[in-house]
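The residues making up each chain are set out below.
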Amino acid sequence: MSRNREPFVSLLLYRAFKYSVVNPMLRGYFRGRIYGAENIPQNGPLVIVSNHASNFDPPIVSNCVRRPVSYMAKEELFKVPVLKQAIQLYGAYPVSRGSGDRNAIRKALEYLKDGWAVGIFLQGTRTQDGRITDPKKGAALIAAKAQAPLIPVCLWGTQDIEQKGSTIPQRVPVTVRIGELISPPTSTAKEDLEAVTQKCAVEINKMHNLGR
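Residues numbered from 1 in each chain as written. Predicted model: local features only at pLDDT ≥ 70, side-chain atom pairs only at ≥ 80, totals over all residues. Heavy atoms only, no water.

Per an unreviewed UniProt entry, the protein chain goes by 1-acyl-sn-glycerol-3-phosphate acyltransferase and derives from Calothrix parasitica NIES-267. Entered under Catalytic activity (unreviewed entry) in the UniProt record, the comment concerning the protein chain runs "a 1-acyl-sn-glycero-3-phosphate + an acyl-CoA = a 1,2-diacyl-sn-glycero-3-phosphate + CoA". Per UniProt, the comment on the protein chain under Sequence similarities (unreviewed entry) is "Belongs to the 1-acyl-sn-glycerol-3-phosphate acyltransferase family." (UniProt positions renumbered as here; feature names shortened; annotations may be inferred.)

Quick look at the structure:
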């Protein structure tokens, strides 16, 4: 039986981590600005698509959308006692390297069925400037299979947080913009997936062009 949103214990863990660590760092250290948070539905399955330029992106996105966001994580992390239980409660699911997208899609669909928000980086990997130039159709496919709406999120400035040769995150300004809901593809046909994928990419890049 599906739930309308994440388990209560996951919400507690999310809020504890958000208000003790992520939000103070985003608001204070990175002087974070957040626009459009009111566009996020607080209940029900949701596919969050964003650009990606830093390892800090997943917690920043989850913080800004005001609900836990389930991301895939490498399976090695799930072999560490205590850490395994913590990241599972926070919504992470394991994906083995080299196993392809099949396991990731199956896990994402399971989380959506249980009312989670699932986070997917539209290009699938980090980009140097934070812009999307080669969007992948995985997010649209998952949204089509689950018939869950998508919402575009743009991270601006996170590409400068991590600098080569430094283990300390740089104190750079970060801006997060959240767009409006996008309906899922009506089918899993290639042209339907491509149309929604391109719409997400255009919206994210348009928000990125707004800058700080």
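Attention now goes to the overall build of the protein chain. A count of helical and extended segments in the protein chain gives six helices and eight strands. Along the protein chain, from the amino end to the carboxyl end, the secondary structure elements read α-β-β-α-β-β-α-β-α-β-α-β-β-α. Taken over the C-alpha trace, the protein chain has a radius of gyration of 16 Å; the compact-globule value for 212 residues is 17 Å, and the two agree within 12%. Along the longest, intermediate and shortest principal axes, the C-alpha atoms of the protein chain span 45 × 40 × 35 Å. For the protein chain, with 212 residues in total, the buried portion stands at 47%. Across the protein chain, the fraction of contacts at a sequence separation of at least 24, relative to all contacts at a separation of at least 6, is 74%. (Helix = DSSP H or I, 4+ residues; strand = E, 2+ residues; numbered from the N terminus. Rg over C-alpha atoms; globule rule 2.2 N^0.38 Å. Buried < 20%, exposed > 50% of the residue type's maximum accessible area, 1.4 Å probe, protein only. Contact = heavy atoms within 4.5 Å.)

Phi at R66 is positive, roughly 65°, even though this residue is not glycine. Along the chain, R66 falls in the loop between α2 (57-64) and β3 (69-70). If you check the backbone angles, Q147 has positive phi at about 50° while not being a glycine. Mapped onto the fold, Q147 is located in the loop between α5 (138-146) and β7 (150-156).

Counted according to the given criterion, the structure contains five aromatic pairs. Centre to centre, the rings of Y71 and F121 are 5.3 Å apart; their planes meet at 25°, and the pair counts as stacked. Of this pair, Y71 sits in the loop between β3 and β4 (72-74) while F121 sits in strand β6 (residues 117-121), and the two are 50 residues apart along the sequence. The residues Y71 and F121 share a single accessibility class, namely buried. Seen in terms of ring centroids, Y93 and Y111 are 5.5 Å apart; in terms of plane orientation they differ by 35°. Their pairing is tilted. In this pair, Y93 sits in strand β5 (residues 93-95) while Y111 sits in helix α4 (residues 101-113), placing the two residues 18 residues apart along the sequence. Here Y93 and Y111 have matching classes, each one buried. Taken together, the ring pairs connect Y29, F30 and F56 into an aromatic cluster. (Phe/Tyr/Trp six-rings, centres within 6.5 Å; stacked < 30°, edge-to-face > 60°.)

Here we come to the pattern of salt bridges. Per the counting criterion, the structure on display carries eight salt bridges. For R67, the salt bridge identified is with E6, shortest N-O distance 2.9 Å. Separated by 61 residues along the polypeptide, R67 in the loop between α2 and β3 and E6 in the segment before α1 (8-29) bring together distant segments of the chain. Classification of R67 by relative accessible area gives buried; the value is 0%. The class for E6 is buried, based on a relative accessible area of 4%. (Salt bridge = Lys/Arg side-chain N within 4 Å of Asp/Glu carboxyl O.)

Our next topic: the packing of α5 against helix α6 (residues 190-208). The N-to-C vectors of α5 and α6 enclose an angle of 115°; their axes lie 8 Å apart at closest approach. The handedness of the crossing between α5 and α6 is right-handed. Residues A140, L141 and A144 of α5 pack against L193, V196 and T197 of α6. Partitioned by chemical class, the residues of the contact of α5 with α6 number five nonpolar, one polar and no charged. (Axes fitted to C-alpha atoms, helices over the stretch in contact; angles between N-to-C directions. Left-handed = near helix turned anticlockwise from the far one by under 90°. Nonpolar A, V, L, I, M, F, W, Y, C, P; charged D, E, K, R; others polar.)

This model, assessed by the stated rule, comprises zero disulfides. Distance from the sulfur of C154, which forms no disulfide, to the nearest cysteine sulfur (C64) is 11 Å. On the basis of relative accessibility, which here comes to 1%, the residue C154 falls in the buried class. (Disulfide = S-S within 2.5 Å.)

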